[in-house]
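Below are the chains, spelled out letter by letter.
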Amino acid sequence: MSARTLLFSDLVDSTALIARVGDAQAAAIWTEHDRRARQLLKAHRGQEIDRSDGFFMLFDEVMDAAAFAQGYHAALADLGLAARVGIHVGDVSLRRNAAEDVAAGAKPLEVDGLAKPLAARIMALAGGGRTLLSGEAALELGASRTFTLRARGHYRLKGVDDPQAIVELNGDNHPPPPDTEKAYRVIELDGLWLPLREVPHNLPPERDAFVGRQSELAALARQFEGGARLVTLLGPGGTGKTRLVRRFARAWLGEWPGGAWFCDLSQARSPHGVHAAVAAALGVPLSRADPAEQLGHAIAARGRCLVILDNAEQVVEHVAAAAEHWLDRAASARFIVTSRERLHISGEVASEVEPLALAGDAMQLFEVRARAQRADFALDDSNRGAVAEAVRLLDGLPLAIELAAARTRMLTPQQIVQRLADRFTLLAGARGAAARQATLRAAIDWSWELLAPWEQSALAQCSVFAGGFTLDAAEAVLDLSPWRDAPPAIDVVQALVDKSLLRVWMPNAAKRMDIAETHFGMYLSIHDYASRKLDAIGKPARETAQQRHGRHFARLGDEAAIRSLVKHGGVQRRQRLTLELDNLELACRLAIERQQAEIAAACYRAVWAVLVMRGPFDVALALGRGVTALPGLTPRHRVLALLALSMAARETGALPSSEEALHEALAVAQAAHDGYAEGMVLGRLAVMRDDQGAVDDAEALYQRAIALLGDAESTWLRALTLGNLASLHYQRGHIDQARSDHEESLALLREVGHRYAEGVVLGNLGELLFGAGEIPAARAAYEAALVVHRETGSLLQEAITLGNLGNLARCLGELEAAGPALKRSHELMRQIGSRFNEGVAIGQIGELHQALGAFDAARTHYEQALCVLRETGNRRGEGSVLGNLGEMLALQGRHAEAVQALQAGERLLRDVDDPLALAKLLCRKAQAARANADPAAARQALAEAQTIAVQLGTGPGSELGRAIEALRQALPGSAPA
């Protein structure tokens, strides 16, 4: 094997050319094509390997291959042809065919190695007239001044295990190659390469590190690439089948544009149970028609999708019948089944999931899980032999290894081996699935059988918690009263910890928040085992435990708790709620299901206190709709829930729902004569009307809200509302009033110590100072706001402030500093699900690309931003982005398109009455008119921008002031500002 440069080319639309010009003329064109290509090949020291509609060539140097590609495109253009070209550097082996084979038509030279199909895949990704290089080829080509290189991101290529960096040669005006059936663009996130495009799925997040199984994941991918449509993963319980298929679905998510759907069949016992589980996973309501037929249509409608049927062994016959039907109905869908038995149907590809390799993944799994118990645990010479013996005795079964590793909190690996050896003497040396299952069952049951009755009951009841729990929560939820001699809950929890059935940890979030409170929890395998034990006790046992769970967590959102939260900003209390978010969400959902309005409302208030800061807002929206639909809510509870629902709907872009909820909340508050609630609602209505451009209405609503929020308990909310009003005053050109209101607002908030609201108002003040051209003061206000937002944990406000800081840096020409801030702002918006603000963030990145001269990237971002802004109804943001797009189009000489974009943006900004954004657009309009040799139109637009700048009090150092001055210098005869 030796490293060579491989080049593949392929003519585009060659068949259409033949049909258009006829065989004879086409033959002449091909002859000339071959002559020119081979002349170039000789000039650049290449070697022809094969010829079809294009060529397969080898070069010793990447520079020669790149020069050939450049000349080849030019030569084809003269012939009216276009070709795609791919270049890669990799190891290949060369072998010569026998002379008699060559005489019979074989190629003289064969090229073997993975580099060959990889180069072909890269070529197939290119469009006509484009040359794409692998990352390896681009690296060797280096910083050549002869060619320009443009990174196009990473792509997962069909048949290639690892995503590949793709770079374009001389492709300044091209967007990244579009996704195809055999290639799609990916980004790396948390160790996984995920598709850049949105792919629907219902895959649960991974709770802890995924260890090993790389060969199994690759093998599963190859089975589907080889044409398999249904793969059944076989193995006993505990081999990690479920974890494996979830990881595969996530790692290859981009392969399934129709989505990846995980269907848990563990509770199914009949055909109806199978259909119900699959329908729930797919989100398909079943009618009275044949459910298998209905689901077949639903799966087929999703095109190329992945359906995972997990835990099928207890309903294997029913799953087989359904799968046969769906395979016939949904030709593009692919299926994975996990089971202990085959389905025995046509088309099934069965694959055994073996235990982990003892010398590798099994040892690593033990070490990772043991370190979760003891941070100082590490494999070394003192324990390596014992750990190896332990995983051997456990047959490399992941669940058993996790249980054994959990004991490292109180046992050394040598002690674990001793106990496992005593327990599993009967199974030593046994082989086969049945023996492995007995090993696993013994590992779990051994721990269970050693427990006292009250400990068994406590462990089973602990399964009602989600994620983890504190000792206070355990004492509130665990009921040990049936046993007279049962010790207190604290002692029982300690006993379960000592026996390694509960793990103890300090959440990372708690460490960051400096909250020294121990949490307890179970590995997922033990949690599932305990949950089954609770079910075995009986349905009333689970229901009563869940009732106690709901009542306990509802206390975190009752009136006293919320008052405590609001007082002084509630930073630490809000942080504590963050740690309990999983349990609060669960308690809220269960209360909604049971129509327990008081508990549901209280839990939702606590959930919203976290989600308003961190998202995801779609969760808040779903819960809010459930809570507000409940009968029996008190007026205050209903108003608070409707307010949260409205804000969540706004952030997700569901503006009609947001407005509807606000109007309902106002009616409830007024009917109850609740002035505080009415003031809250009016303040949010004012924000909404400001968003809609109805600034007169907004100002009146702000004033009414402030008047209603007059008591001491309302000080923070009155101050925050005053800060919002200050921003509106600045927007209308009342700059002195705006400054005064900001100062009063900040003074009130600092007096009561409400840090979250202080951060919001500081950010608003930064906007005013930036607009006024007071750049150092604006930056200081933004940075102070950022400190507060990180202290309070508000990811939403942090994202907004980072966007403002990045935008400020861009305006000052500090492009290197702007990039990371804007990128992080966008990442946070996506993380928390704030679609309303995400469009703004994407547009800001587009402005940065424009400033860098990367017009293709800028346009891509502007178009993405416009899609999001229109989807969410953010007309102000849409108008601004259209102005930016228009300016860029004018710089490119595309004057008709520029005028169209600028006119559309101007109409929007005049409609929403945003004079500052309008003035910036007018400067861009003037620049476009100047570029189009229309100085009169340029001066007219500049004059209106100057008038607005004077009204707003913008300084010469502001973004608007700089733009106006630059235009005045470029337009002789313009009046001074």
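Scroll up a little and you will see the structure.
Residues numbered from 1 in each chain as written. Predicted model: local features only at pLDDT ≥ 70, side-chain atom pairs only at ≥ 80, totals over all residues. Heavy atoms only, no water.

Focus: the overall build of the protein
Rule in force here: Per the convention used, a helix needs a DSSP run of H or I reaching at least four residues, while a strand needs a run of E reaching at least two, with both numbered from the N terminus. Our radius of gyration is a C-alpha quantity, and the globule rule it is checked against amounts to 2.2 Å times the number of residues to the power 0.38. Throughout this description, buried means an accessible area under 20% of the type-specific maximum (1.4 Å probe, protein chains only), exposed means over 50%, and partly exposed covers the range between. In what follows, a contact means two residues having at least one pair of non-hydrogen atoms within 4.5 Å. Only the protein chains shown count as cover for residues, and all accessible areas are computed by the Shrake-Rupley method using a 1.4 Å probe.
Scanning the protein from terminus to terminus reveals 44 helices and 17 strands. What you see for the protein is a C-alpha radius of gyration of 33 Å, in line with the 30 Å of a compact globule of 977 residues. The C-alpha extent of the protein, read off along each of the three principal axes, is 100 × 95 × 65 Å. Taking all 977 residues of the protein together, the buried fraction comes to 55%. Long-range contacts, defined here as pairs at least 24 residues apart, represent 67% of the contacts in the protein between residues at least 6 apart. Just so you have it, the protein exposes about 41,400 Å², and 51% of that area is on carbon and sulfur atoms.

A closer look at the packing of helix 1 (residues 14–21) against helix 2 (residues 23–43)
Selection criterion: Axes, fitted as lines to C-alpha atoms, cover a helix only where it is in contact. Angles between the N-to-C directions of the axes lie from 0 to 180 degrees. When an angle is under 35 degrees it counts as roughly parallel; over 145 it counts as roughly antiparallel; between 65 and 115 it counts as roughly perpendicular; any other value is oblique. Polarity classes work like this: nonpolar for Ala, Val, Leu, Ile, Met, Phe, Trp, Tyr, Cys and Pro, charged for Asp, Glu, Lys and Arg, and polar for all others, with Gly in that last group.
Contact pair helix 1 / helix 2: the axes reach a minimum separation of 7 Å and the direction vectors enclose 130°. As the angle between them shows, helix 1 and helix 2 are arranged oblique. Packed against helix 1, whose contacting residues are Ser 14, Leu 17, Ile 18 and Val 21, the element helix 2 presents Asp 23, Gln 25, Ala 26, Ile 29 and Trp 30 at the interface. Here the contact of helix 1 with helix 2 is composed, by residue class, of six nonpolar, two polar and one charged.

Some remarks on the pattern of salt bridges
To keep things clear, this is the line we draw: Basic side-chain nitrogens of Lys or Arg form a salt bridge, by our definition, when they fall within 4 Å of a carboxyl oxygen of Asp or Glu.
What the rule picks out here adds up to 51 salt bridges. We note a salt bridge from Glu 651 to Arg 650, for which the minimum N-O separation is 3.1 Å. With a relative accessible area of 15%, Arg 650 lands in the buried category. Its salt-bridge partner being Arg 859, residue Glu 863 comes within 2.9 Å of it at the nearest N-O pair. Placement of both Glu 863 and Arg 859 in helix 39 (residues 855–872) is noted, with a separation of four residues, approximately one turn of the helix.

Focus on the nonpolar core
For the record, the criterion: Here, the term nonpolar core denotes a set of buried Ala, Val, Leu, Ile, Met, Phe, Trp, Tyr and Cys residues that are joined through side-chain atoms within 4.5 Å.
With 176 residues, the main nonpolar core has Leu 459, Tyr 604 and Val 627 as its most contacted residues. Considering every element that reaches this core, the biggest residue donor is helix 26 (residues 597–614), with 15 residues. Those residues in contact with Leu 459, other than ones at most four positions away along the chain, are Trp 448, Leu 451, Leu 496, Leu 501, Leu 502, Met 522 and Ala 530. Grouped together as the second largest cluster of nonpolar side chains are 34 residues, Ala 277, Ala 281, Val 315 and Ala 320 included.

Re the environment of Ala 165
In this structure, Ala 165 sits in strand 8 (residues 164–169). A residue is classified by how much of its surface remains accessible, and Ala 165, at 25% relative accessible area, is partly exposed. In this structure, the C-alpha to C-alpha distance between Ala 165 and Arg 185, residues 20 residues apart in sequence, is 9.6 Å. In contact with Ala 165, other than residues within four places in its own chain, are Leu 133, Ser 134, Gly 135, Gly 153 and His 154.

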